[in-house]
Amino acid sequence: MKGLQRIGWFAVGLAAAYLFVVFLHRDLSERRMRIRSRQPVAAVIDEGEPGLRILAFYANSGELIRGEHAVVCYGVRDAAAVRLEPPVETLKPVWSRCFSVYPRENTTYTTAVDGSGKSTSASFAIDVVPPPPRILFISISSDDVKLGEPVTLCYGVKNAVAAWLEPLRQPLRISEKTCIRSIPVRTLDYTFVAKGETGALDREKFTIKVRQRR
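Residues numbered from 1 in each chain as written. Predicted model: local features only at pLDDT ≥ 70, side-chain atom pairs only at ≥ 80, totals over all residues. Heavy atoms only, no water.

(A) Focus on the side chain of Thr107. Here Thr107 lies in strand 7 (residues 107-115). Taking relative accessible area as the criterion, Thr107 reaches 14% and is therefore assigned buried. One polar contact links the side chain of Thr107 to the main-chain carbonyl oxygen of Glu105, over a distance of 2.7 Å. If sequence neighbours within four positions are ignored, Thr107 has contacts with Pro86, Phe124, Ala125 and Ile126. (Helix = DSSP H or I, 4+ residues; strand = E, 2+ residues; numbered from the N terminus. Buried < 20%, exposed > 50% of the residue type's maximum accessible area, 1.4 Å probe, protein only. Polar contact = N/O pair within 3.5 Å; in protein donor to acceptor, adjacent residues only side chain to side chain. Contact = heavy atoms within 4.5 Å.)

Below, the structure written as structure tokens:
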């Protein structure tokens, strides 16, 4: 009997280990998918023949949320002058240097180098996406009221183009801090929804219970 119990516990342990591995693999796969578009983008990493060369010209991310910054690095050899388009930074002929850029829209960066009557160039692009909508907070004066009593709802939203309450589909003002007042007539589950520029949604649920007066 004890032997059977040991086998049973061993089987349970194997099953738990299997589930852990499955969930770990799924979590790692999802993380890889989320960061794939944000991997470094390299235009040139060249250590070829001697002479005028762009040794490196790359950014640490190929996609940014508007307002974020990227780090651009470059290095050149045997160059008399280095130019950048768009001209967000003055570049000098150096083996290795990095600086920050703050693109507000999709931008292609190009560097060109001149030296000894020759020139060469390299480019890469950074895509800029709108920030996702955020519900900053929701505060309710009371979630348990008697019929006829008012309720004050205060909320804040950011990076949103629209906001509303479901299932009422009541449109709300876009603000980082504002309040509305209403008189609920029945117990209802609400969903506060904020919509971003790309159609992405942020949601938060709450319930207001309405009791009949006696």
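(B) Inspection of the state of the cysteines at higher detail. Scanning the entire structure with this criterion turns up two disulfides. With its sulfur 1.9 Å from that of its partner, Cys73 forms a disulfide with Cys98. For the disulfide bridge between Cys73 and Cys98, the dihedral angle about the S-S bond is near 105°, and by the sign convention the bridge is right-handed. You can see Cys73 sitting in strand 4 (residues 70-77) and its partner Cys98 sitting in strand 6 (residues 97-101), a full 25 residues away along the chain. Between the sulfur atoms of Cys154 and its disulfide mate Cys179 the distance is 2.0 Å. (Disulfide = S-S within 2.5 Å.)

(C) Focus on the environment of Cys179. Positionally, Cys179 belongs in strand 14 (residues 178-182). Separated by 23 residues in sequence, Cys179 and Gly156 place their C-alpha atoms 8.8 Å apart. Not counting residues up to four positions away in its chain, the partners in contact with Cys179 are Thr152, Leu153 and Cys154.

(D) Geometry of the packing of aromatic side chains. This model, assessed by the stated rule, comprises five aromatic pairs. Seen in terms of ring centroids, Phe57 and Phe124 are 4.7 Å apart; in terms of plane orientation they differ by 50°. Their pairing is tilted. Note that Phe57 is positioned in strand 2 (residues 53-59) and Phe124 in strand 8 (residues 118-129), a separation of 67 residues in sequence. Exposure remark for Phe57: the relative accessible area of 0% places this residue in the buried category. (Phe/Tyr/Trp six-rings, centres within 6.5 Å; stacked < 30°, edge-to-face > 60°.)

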